[in-house]
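# Architecture and fold: a report
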Amino acid sequence: MSEIKTYEGGMVVEGARFCLVASRFNSFIVDHLVEGAIDALVRHGAKREDIHLVKTPGAYELPLAVQQVAASQRYDAIVALGAVIRGSTPHFDYVAGECVKGISSISLKHEIPVAFGVLTVDSIEQAVERAGTKAGNKGAEAALSAVEMVNLLRGLKQA
């Protein structure tokens with residue numbers, strides 16, 4: 001029986017450019033996601049000068065900015081970062097839903113990895129847990145996903 005060829009992305013990246021697109025709203029959380037993403041990228045081989053940061057007013061505006069960054073074809077991957085915290089009105093559902101829907105289509109349209117590091121949580125406590133305390137840093141996790149996808153796509157192009 002012949003061996004099955006498996007393709008996976010490695011966790012060390014060289015010569016890749018990344019763009020973090022982060023919302024300013026809930027910056028007390030998002031700033032920690034950005035720090036985690038930058039730290040993860042640098043620890044896994046990215047150079048600081050190859051990481052750019054774009055800031056939007058809020059999570060609702062993330063998809064348009066991510067789309068513009070993708071269309072520029074200047075980056076190997078994009079990491080979207082934000083925090084949408086549920087309140088007492090349906091506003092959360094609209095913002096979170098449109099953010100997810102908008103960002104999800106961009107990767108396929110522009111053939112670029114777009115890692116999703118937008119927290120959609122029920123409370124500030126949950127956001128804090130996911131921005132670097134007991135639940136880890138979801139910004140770092142999204143950045144690692146971007147690294148892996150850059151390497152995977154590079155490998156598939158050479159296959």
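Refer to the structure printed above.
Let me sum up the structure you'll find in this document. Worth saying up front: this structure is predicted, and the values here are computed from it rather than measured. (Residues numbered from 1 in each chain as written. Predicted model: local features only at pLDDT ≥ 70, side-chain atom pairs only at ≥ 80, totals over all residues. Heavy atoms only, no water.)

### Some remarks on the packing of helix α2 (residues 62–72) against helix α3 (residues 91–110)
For the pair α2 and α3, interaxial distance at closest approach is 8 Å and the crossing angle is 10°. With respect to each other, α2 and α3 are oriented roughly parallel. Of α3, the residues touching α2 (which contributes Leu62, Pro63, Val66, Gln67, Ala70 and Ala71) are Glu98, Cys99, Gly102, Ile103, Ile106, Lys109 and His110. For the contact of α2 with α3, the per-class residue count stands at 8 nonpolar, 3 polar and 2 charged. (Axes fitted to C-alpha atoms, helices over the stretch in contact; angles between N-to-C directions. Helix = DSSP H or I, 4+ residues; strand = E, 2+ residues; numbered from the N terminus. Parallel < 35°, antiparallel > 145°, perpendicular 65-115°, else oblique. Contact = heavy atoms within 4.5 Å. Nonpolar A, V, L, I, M, F, W, Y, C, P; charged D, E, K, R; others polar.)

### Quick look at a nonpolar patch on the surface
A contiguous nonpolar surface patch, about 250 Å² in accessible area, is contributed by Phe28, Ile124 and Val128. One can find isoleucine 124 in helix α4 (residues 124–130). (Patch = residues over 30% accessible without salt bridge, like charges linked within 9 Å, V, L, I, M, F, W, Y side chains within 5 Å. Areas by Shrake-Rupley, 256 points an atom, 1.4 Å probe, with all protein chains shown as cover. Salt bridge = Lys/Arg side-chain N within 4 Å of Asp/Glu carboxyl O.)

### Thoughts on helix α5 (residues 138–158)
Because an α-helix completes one turn every 3.6 residues, residues spaced three or four positions apart along the sequence face the same direction. Spanning 21 residues, α5 covers 30 Å between terminal C-alpha atoms, matching the ideal 30 Å at 1.5 Å per step. Of the positions making up α5, those classed as buried are Gly139, Ala140, Ala142, Ala143, Ala146, Val147, Val150 and Asn151. Buried residues along α5 sit against β1 (18–23), α1 (27–43), β3 (77–85), β4 (114–121) and β6 (136–137). The N-terminus of α5 is capped by asparagine 137, whose side-chain oxygen sits 2.8 Å from the backbone nitrogen of glycine 139. (Expected span 1.5 Å × (residues − 1). Buried < 20%, exposed > 50% of the residue type's maximum accessible area, 1.4 Å probe, protein only. Polar contact = N/O pair within 3.5 Å; in protein donor to acceptor, adjacent residues only side chain to side chain.)

### Comments concerning the pairing of β4
Most of β4 sits inside the fold, with 6 of its 8 residues counted as buried. Pairing analysis gives 8 bridges linking β3 to β4, with the strands arranged parallel. Note that in β4 the partner of isoleucine 78 across the bridge is valine 114. (Pairing = 2+ DSSP bridges.)

### So, the sheet that holds β3
Spatially, 4 strands are ordered β2-β1-β3-β4 in an open sheet, and the strand pairing comes out parallel. The sheet is open, and its two borders are formed by β2 (51–56) and β4, each paired with just one other strand. Strand-to-strand twist of the sheet, defined as the mean angle between neighbouring strand axes without regard to direction, takes the value 15°. In the packing of α1 onto the sheet, the strands contacted are β1, β2, β3 and β4, and the crossing angle to β3 comes to about 155°.

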